[in-house]
Amino acid sequence: MSLEVLNLSAAILGAATSAAAVLIKTWVTIRLKAHDVVLAANEASSIPPQDALQPALDRLEEVRAALSRQQFLAATNRWVNRLLTVGQYIIGGLLASSFVQQSLSREMVGALGLLVLISSLIYQHFRPDLQLREAMGRSLRLRSLVRQADDDIYAMRSGSSNAPSVADFRRKISTALTDIEASEYQDLTARGGEDAVSNSK
């Protein structure tokens, strides 16, 4: 009888121990999951959501659009400058040769001379060489601005302590774009002043 009681007691003790182990394991698992949820929530609260960064991304797109425009202007003025150089100097130099003048008809020589004159007038009026240099300078500034903006957005996404706020980011980009646009207008007015001086002469 005592043996049966001992066996029953051992079974009850074993079952209780197993149940306690399961309960303890479950409790530890729940606490660990709760801790992970808290950590994830804290990390998420320090990282702005995608919608919160959209105003910054929109401003970055404006920088990229301005960069594309300046690169297009640089490429266009580079080709125009090359074509006008050919029209002014190469064709003009060939026409200065008596051999070429004798080899071509008078109509062809006159047409080429008119082409040289038109190329010279276009070059003096539009100065594609200056516009090329100005567009390349603004492109360099915009490329640097894009890199800085990418770094700031990465810092905001990763929740870095040194990351600027979205409002500060937009203000910084807006100020830089305004400065670049002002420099473009200043270059334009300066070329207009030079054209007025050259025309008065």
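Structure first, text after, so check above.
Structure report, in brief. (Residues numbered from 1 in each chain as written. Predicted model: local features only at pLDDT ≥ 70, side-chain atom pairs only at ≥ 80, totals over all residues. Heavy atoms only, no water.)

**A word on the overall build of the protein**
Put simply, the rule reads: We count a stretch as a helix when DSSP gives it H or I for four or more residues in a row; a strand needs E for two or more, and each element gets its number in order from the N terminus. Remark: exposure states derive from per-residue accessible area (1.4 Å probe, protein chains only) relative to the maximum for the residue type, with buried under 20%, exposed over 50%, and partly exposed in between. A contact between two residues is defined here by any heavy atoms of the two lying within 4.5 Å. Working definition of accessibility: Shrake-Rupley area with a 1.4 Å probe, residue cover restricted to the visible protein chains.
What the protein contains, in helices and strands, is six helices and zero strands. Secondary structure of the protein in N-to-C order comes out as α-α-α-α-α-α. With 201 residues in all, the protein has 23% of them scored as buried. Considering only residue pairs separated by 6 or more positions, the protein has 82% of its internal contacts joining residues 24 or more positions apart. In the structure as shown, the protein presents an accessible area of about 13900 Å², 64% of it carried by carbon and sulfur atoms.

**Describing the packing of aromatic side chains**
In plain terms, the rule: Ring geometry is summarised as follows: Phe, Tyr and Trp rings, the Trp one being its six-membered ring, pair when their centres sit within 6.5 Å, and such pairs are stacked at plane angles under 30 degrees, edge-to-face over 60 and tilted between the two. Both a distance and an angle decide whether a charge sits over a ring: NZ of Lys or CZ of Arg must be within 6 Å of the ring centre and within 35 degrees of the ring normal.
For the coordinates displayed, the defined rule picks out zero aromatic pairs. For the cation-ring pair, Arg82 lies above Trp79, with the distance from its terminal atom to the ring centre recorded as 5.1 Å.

**Considerations on a nonpolar patch on the surface**
We apply this condition: Exposure above 30% relative accessible area and the absence of a salt bridge qualify a residue for a patch, where like charges join within 9 Å and nonpolar side chains (Val, Leu, Ile, Met, Phe, Trp, Tyr) within 5 Å. Salt bridge, as used here: a side-chain nitrogen of Lys or Arg that lies within 4 Å of a carboxyl oxygen of Asp or Glu.
A cluster of nonpolar residues, Leu114, Leu117, Ile118, Leu121, Ile122 and Phe126, forms a patch on the protein surface that exposes about 540 Å² of accessible area. One can find Phe126 in helix H4 (residues 106–126). Relative accessible area serves as the criterion here: at 46%, Phe126 is assigned to the partly exposed category.

**Focus on unusual backbone geometry**
Positive phi, normally seen in glycine, also occurs at Arg127, with a value near 45°. You can see Arg127 is positioned in the loop between H4 and helix H5 (128–158).

**Overview of the environment of Leu112**
Relative to the helices and strands, Leu112 resides in helix H4. Residues Leu112 and Leu94, 18 residues apart in the sequence, show an inter-C-alpha distance of 9.6 Å. Discounting chain neighbours no more than four positions away, the residues touching Leu112 are Ile91, Leu95 and Leu104.

**Some details on the side chain of Arg59**
Turning to its location among the elements, Arg59 is positioned in helix H2 (residues 50–95). In contact with Arg59, not counting residues within four places along its chain, are Phe169, Arg170, Ile173 and Ser174.

**Topic: the pattern of salt bridges**
Working definition: two side chains of opposite charge can pair if their charged atoms are close together. In total, this model carries seven salt bridges according to the counting rule given. Across the salt bridge formed by Arg69 and Glu184, the nearest N and O atoms sit 3.0 Å from each other. On the criterion of sequence distance, the pair formed by Arg69 in helix H2 and Glu184 in helix H6 (residues 166–200) is long-range, its members being 115 residues apart. Given the relative accessible area of 45%, Arg69 is considered partly exposed. Of the charged contacts in the structure, one is a salt bridge between Asp129 and Arg127, with a shortest N-O distance of 2.8 Å. Residue classification places Asp129 among the buried positions, given a relative accessible area of 16%.

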